[in-house]
Amino acid sequence: MERKDLSLEEIVALDRVQKSQSIGKEVNRRLRNKGLVTGRYPRIFLAADVSRAVDVSAITQHRAFDKQYYKDLVIKFLRQHRQARPQDFHRLLFDKLSDLYTESQRKAKIRNLLQEMAREGKIINAGGRGKTARWALSDHGNGGV
């Protein structure tokens, strides 16, 4: 309410975003251009400086960590356990991903992360496919951490 450049419609939309209610694409575009919201439509949330005035803990819940953070966790886990199944990575990473992701999006994110690390030569598939796959550190990649 302190900002004089916001219309009543935008203020109401920000309130709706704070309450995790939907807003229109056009209003979302205007709020995004003013730096007031972030995230992928329709799962948007208040930008950090806006939410500071409202609820600091919401920022942390919605914001995902950097991809390298997840890769480092996978490498450290494999160094300790030598091999792991997709379920192990699910338990390791699932609750660390942004709460804006659905369960299927989180699973896809973990699967894509493992595949990306395999393409980079950091990990290898030590056997199996899908849920029965076993992942291990590659010999020449040595994990990179």
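Residues numbered from 1 in each chain as written. Predicted model: local features only at pLDDT ≥ 70, side-chain atom pairs only at ≥ 80, totals over all residues. Heavy atoms only, no water.

Asker: Tell me about the packing of helix 5 (residues 67–81) against helix 6 (residues 86–93), residues and numbers included.
Answerer: In contact at an axis separation of 11 Å, helix 5 and helix 6 are set at 125° when each is read in the N-to-C sense. One way to sum up the angle between helix 5 and helix 6 is to call them oblique. When the axes of helix 5 and helix 6 are compared, the crossing they make is right-handed. Side by side, helix 5 and helix 6 meet where Tyr-70, Leu-73, Val-74, Phe-77 and Leu-78 of the first sit next to Asp-88, Phe-89, Leu-92 and Leu-93 of the second. (Axes fitted to C-alpha atoms, helices over the stretch in contact; angles between N-to-C directions. Helix = DSSP H or I, 4+ residues; strand = E, 2+ residues; numbered from the N terminus. Parallel < 35°, antiparallel > 145°, perpendicular 65-115°, else oblique. Left-handed = near helix turned anticlockwise from the far one by under 90°. Contact = heavy atoms within 4.5 Å.)

Asker: How would you explain helix 2 (residues 25–33) if you had to name every residue and give the values?
Answerer: Within the span of helix 2, buried status applies to Val-27, Asn-28 and Leu-31. Down the axis of helix 2, the sector holding all buried residues measures 100°, keeping them to one side. Exposed positions of helix 2 whose direction lies more than 90 degrees from the buried face are Lys-25 and Asn-33. On its buried side, helix 2 packs onto helix 1 (8–18), strand 1 (37–40) and strand 2 (43–46). Of the residues trailing helix 2, Gly-35 is marked for its positive phi of about 75°. (Buried < 20%, exposed > 50% of the residue type's maximum accessible area, 1.4 Å probe, protein only. Arc of directions from axis to C-beta.)

Asker: Describe the layout of surface pockets, and please don't skip the residues or the numbers.
Answerer: Empty space within the largest pocket amounts to approximately 430 Å³. Those elements giving two or more residues to the lining of the largest pocket turn out to be helix 6 and helix 7 (103–119). Of all the elements, helix 7 adds the most residues to the lining of the largest pocket, at six residues. Looking at side-chain class alone, the lining of the largest pocket contains six nonpolar, five polar and four charged residues. (1 Å grid on protein atoms, 1.4 Å probe; cavity = no way out; pocket = protein on both sides within 12 Å on 5 of 7 lines; lining within 4 Å. Points joined across faces, edges and corners; volume = space filled by probe spheres on them. Nonpolar A, V, L, I, M, F, W, Y, C, P; charged D, E, K, R; others polar.)

Asker: I'd love a proper account of the environment of Leu-97, names of residues and values included.
Answerer: Along the chain, the position of Leu-97 falls in the loop between helix 6 and helix 7. Expressed as a C-alpha distance, the spacing of Leu-97 and Ile-110, which sit 13 residues apart in the sequence, is 9.2 Å. Dropping the residues within four chain positions of it, Leu-97 is found in contact with Tyr-70, Arg-106, Lys-109 and Ile-110.

Asker: An account of the pattern of salt bridges is requested, with residue identities and associated values reported.
Answerer: In total, this model carries twelve salt bridges according to the counting rule given. With a shortest N-O distance of 3.3 Å, Glu-10 and Arg-30 are connected by a salt bridge. Here Arg-30 lies in helix 2 and Glu-10 lies in helix 1, a separation of 20 residues in the sequence. A relative accessible area of 3% means that Glu-10 is categorised as buried. By relative accessible area, Arg-30 is classed as partly exposed at 24%. Lys-122 is the partner of Glu-120 in a salt bridge, and the nearest nitrogen-oxygen pair spans 3.7 Å. Judged by its relative accessible area of 39%, Glu-120 falls in the partly exposed class. (Salt bridge = Lys/Arg side-chain N within 4 Å of Asp/Glu carboxyl O.)

On their own, these measurements won't tell you what the molecule is for.
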